[in-house]
Amino acid sequence: MTAAGGCGMRPTAAFALAFALAGAASGTEGLAILADGNGARVRIPGAPELLVRAVPDEDRPLGKPLPSPAAELSEPRSVLDWKAGGEDVRIVLQRAKTGVYLHASAVRPGARFRLEIGSEGTDAAPAFSRDDDPWIEAKTAESTSAFPASIRLRLRSGARSARVFLRSAAAGTLHQGGAGVPRTAVRIASGPGGISLFLSAKEAPAFPFLAACRALTERPTAYGVFEVESDVWAPSGPVAAVLSIVRTGAARREVAGFEDEGRLRFRASPMGTGRFSWSLRVSTLAGEIRTSPEEAEAVDAGEPGFVRAEGSRLVHSDGSPFVPLGANLGWVEGDRAGEGFERYFERMRAAGLTHARIWLCSWGIHLDGARPGEFLWDQERRLERVLAAARKSGITVTLVFENTSDFNGRRNGAFWEERGGPCKTPFDFFTKPEAWAIFESRIRRVLARFGADSTIAMFELWNEIDGTGASPSEAIPWVARAAASVKALDSAGRPVTVSLQGTGGWDGIWGLRSIDVVTIHEYVPAAAADRLADLATAPSRDLARLLRDRALSAAARGKPVLVSEFGANGEPGRIPVLARDLSGIHLREGLWGSALAGAAAPGWPWWWDSYIERNDLWKVFRPLADFLRGEEWAYFEPGRRWLKESGAKGAALLCGVRTDAKALLWIRSASGDWFSRVIEVRRPEGLEGQTVRLPGMRDGLYAVEWWDPALGRPFKVERIRTGGGAVLLAAPAGRFQAAAKVRWEGP
């Protein structure tokens, strides 16, 4: 065993940091701590002498008393290292006005040990007591509180009798006696974060105590998650804790901590390579603790970083374009621990997709508990596993905070009166401060626990908020407030958005400065199997044209545009349109129509499970993914212009983008829409005689590579020379659709 004052550190041990303890006394008259190779003896005025030692995680009697004399530890803060069986255990002792703080933790992560506390006298009889002392919380070790066990140990030794308060901040369990353990000891089993106690014969501690602090990330990376774990003990009231991280040459950033089974954890990203420093600040009603800065270095791991909106584009931290080829994956039926999502991610990866839109919802991943401010740790770990699986498959995520289905069904969290919440009506939710506080606690929790993970590319506040029954005048100010809250807490500056069912009366939502991305939801209307012909007059008869036109219109706002849902409406698994279209014709139309039409990425279809997965339609995505590979300029390069057909009668549909030297396009005959092919079962006309004019392009020689949109590979390469500031292309014969890559090769 070694004994040391001050900080104390071993290369393999958890960090033990120096800190300022507001108002705490540096010593206590009559209080003494003695130690040698067997443990420590704590002398507290008014109580019998206590023997404290770490032992292996098994039932053994308390050992022989410490031999005298033992070395007295005179420093206000002492660090003791000794063996508990085969495990190295570190104990930190901090003197306070009325007692001693004690924290024990194993050096090896996950190792278990036990702490024994007893008196030396053979006639001493420790006993539990839970009298009505105001600071004692008689909670069991299974409690989800940050401080799950508060007991009082009554020691009787001869004529002397005293109470010793053991205020435990461990996630472990408390044992009195038991097989092989004499009544002279109380044994406390360690939890994942170790054991934290306050030993006192008089009263509760008056100030907070930072028992231990350690960085869990051994090799920080530029845009990875840097994680710190701490055991913080406050006698009463709320605990506010933040991790400060400062990278050389960059501004200080602070992220809030979060509770995880009795421990405080902090997650932040270094946001670049090089050296950075980190420290903790913990505030309670009783005082504040600040740790001394520690240094670390972040290395380059080849990650592009976080996503941000830049004008009408989406880019990474390193400036590279972000083009989310994706699909909705709101929830997975039967998933319990993330394994269902993992299977979908692998299918998406194989199809060339890179993005998924995932909901927080009552029937999927649901983080809220039954009471305001309560969170479900098992669901949080489930989301962690889902994000880890997504990252492994190269998938980024849009995380949706709330949805109209849960809201209208009054299933979302503890907002509603029947659940003990403040809301009777939807109006109450959008206007009552108490309701806002509950929702904001969800935002804070998500950003604290998951905000450092760049797998989350964007945040969506609400899916189809216009379906809640709230008016725009009620809901839009709420959206502005929620978006501002996310932005204030997200040091990475990721885009924030929201979505709508329709458009009427809600356009003002896209004018909010705090909303970064305009979203579009578009569906073929629901229709009975014998009334599908009625869809002939619906705008969605030509879904590709409709999505193209809506995206081009939305792009005029100067923000990135995403078609974040499209498909066919109806009851899941029983939609006549989808039953007729088992090969995914409307799916392909929506993808290609939205891909080169002013949006920041191709559209994200709905019905991932009952349609795409059931009919093995992930293969429909691959041709477009192959066509767009290496062509990120189409969504990124300044000066690009969007292409449309001339408007002449019978003109083929044209979706495309160009600069003055290159272009991407998709052309489809006017009769090639999904309705004509699926419902009317008509063979589309070919592209013979159709000409594509690309204005505003340089004169010179161009290479034109024609692609088959169904197969995802080129079928023809030609070179043409052009002049007059426009490129004229003759559409290939014998086909009703084709895609092309056009590049200038020289004068």
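Above this text you will find the structure in question.
Residues numbered from 1 in each chain as written. Predicted model: local features only at pLDDT ≥ 70, side-chain atom pairs only at ≥ 80, totals over all residues. Heavy atoms only, no water.

A separate point is the environment of E565. Relative to the assigned elements, E565 resides in strand β34 (residues 561-568). E565 sits in the buried class, given a relative accessible area of 3%. With residues near it in sequence (within four places) discarded, E565 still touches N328, R357, W359, N463, E464, I520, H521, E522, Y523, W604 and W606. (Helix = DSSP H or I, 4+ residues; strand = E, 2+ residues; numbered from the N terminus. Buried < 20%, exposed > 50% of the residue type's maximum accessible area, 1.4 Å probe, protein only. Contact = heavy atoms within 4.5 Å.)

This next bit is on the pattern of salt bridges. Applying the stated criterion to the full structure yields 50 salt bridges. The closest approach of N and O atoms between R357 and E565, which form a salt bridge, is 2.8 Å. Residue R357 is located in strand β29 (residues 355-359), and its partner E565 is located in strand β34; the two are separated by 208 residues in the primary sequence. Look at R357 and you get buried, because its relative accessible area is 0%. In this structure, D660 engages R698 in a salt bridge whose closest nitrogen and oxygen atoms are separated by 3.4 Å. One end of the pair, D660, is in the loop between β36 (653-658) and β37 (662-668); the other, R698, is in the loop between β38 (691-695) and β39 (700-708), with 38 residues separating them in the sequence. The class of D660 is partly exposed, set by a relative accessible area of 36%. R698 sits in the partly exposed class, given a relative accessible area of 35%. Among the charged side chains, a salt-bridge network with shared partners connects R214, E227, E229, D260, R265, R267, E380, R381, E384, R445 and R449. (Salt bridge = Lys/Arg side-chain N within 4 Å of Asp/Glu carboxyl O.)

Moving on to the sheet that holds β37. Spatially, six strands are ordered β35-β36-β37-β42-β39-β40 in an open sheet, and the strand pairing comes out antiparallel. The sheet is open, and its two edges are formed by β35 (641-643) and β40 (713-722), each paired on a single side. Across the sheet, the mean angle separating the axes of adjacent strands is 20 degrees when strand polarity is ignored. With six bridges connecting them, β36 and β37 associate as antiparallel partners. Residue pairing across strands places C655 opposite W666, the latter belonging to β37. Sitting on the sheet, helix α7 (residues 543-555) touches β35, β36 and β37, and the angle it makes with β36 is about 40 degrees. (Pairing = 2+ DSSP bridges. Axes fitted to C-alpha atoms, helices over the stretch in contact; angles between N-to-C directions.)

As a further point, take the packing of helix α1 (residues 339-350) against helix α2 (residues 377-392). Look at α1 against α2: their axes get within 9 Å of each other, and the N-to-C directions meet at 15 degrees. Comparing the axis directions of α1 and α2 gives the class roughly parallel. Judged by the sense of rotation from one axis to the other, the crossing of α1 with α2 is right-handed. Contacts between α1 and α2 pair F341, E342 and F345 from the former with R382, V386, A389, A390 and K392 from the latter. When its residues are assigned to classes, the contact of α1 with α2 shows five nonpolar, no polar and three charged. (Parallel < 35°, antiparallel > 145°, perpendicular 65-115°, else oblique. Left-handed = near helix turned anticlockwise from the far one by under 90°. Nonpolar A, V, L, I, M, F, W, Y, C, P; charged D, E, K, R; others polar.)

Our next topic: the side chain of Q690. Among the structural elements, Q690 can be located in the loop between α12 (674-678) and β38. In terms of polar contacts, Q690 uses its side chain to reach the backbone carbonyl oxygen of G650, at 3.1 Å. Not counting residues up to four positions away in its chain, the partners in contact with Q690 are G650, A651, A652, L729, A730 and A731. (Polar contact = N/O pair within 3.5 Å; in protein donor to acceptor, adjacent residues only side chain to side chain.)

For the rest of this paragraph, the subject is the sheet that holds strand β31 (residues 456-463). What the five strands build is an open sheet, ordered β28-β29-β30-β31-β32; its pairing is parallel. With partners counted over all chains shown, the strands left at the sheet margins are β28 (326-328) and β32 (496-497), one partner each. Inspection of the sheet shows β29 paired to strand β30 (residues 396-403) by five bridges, in the parallel sense. Note that in β30 the partner of R357 across the bridge is T398. Sitting on the sheet, α1 is in contact with β28 and β29, with an inclination near 155 degrees to β29. Packed on one face of the sheet, helix α5 (residues 433-450) meets β30 and β31 and runs near 165 degrees to β30.

Once that is clear, we can look at the packing of aromatic side chains. For the structure on display, the rule yields 34 aromatic pairs. For the ring pair W462 and W478, a centre distance of 5.4 Å and an interplane angle of 85 degrees mean the geometry is edge-to-face. Taken as a pair, W462 in strand β31 and W478 in helix α6 (residues 472-489) lie far apart in primary sequence, 16 residues in all. The exposure classification of W462 matches that of W478, with both residues buried. Centroid distance F627 to W707: 5.4 Å. Interplanar angle 80 degrees. Geometry classified as edge-to-face. Here F627, found in helix α11 (residues 621-628), pairs with W707, found in strand β39; they are 80 residues apart in sequence, far enough to count as distant. (Phe/Tyr/Trp six-rings, centres within 6.5 Å; stacked < 30°, edge-to-face > 60°.)

For β36, the buried fraction is high: six of the six residues fall into the buried class. Neither face of β36 is exposed, since L653, C655 and V657 on one face and L654, G656 and R658 on the opposite face are all buried. For β35 and β36, the ladder comprises three bridges, and the chain directions are antiparallel. Paired with L643 across the bridge in β36 is G656. Following β36, the chain reverses through three residues before pairing antiparallel with β37.

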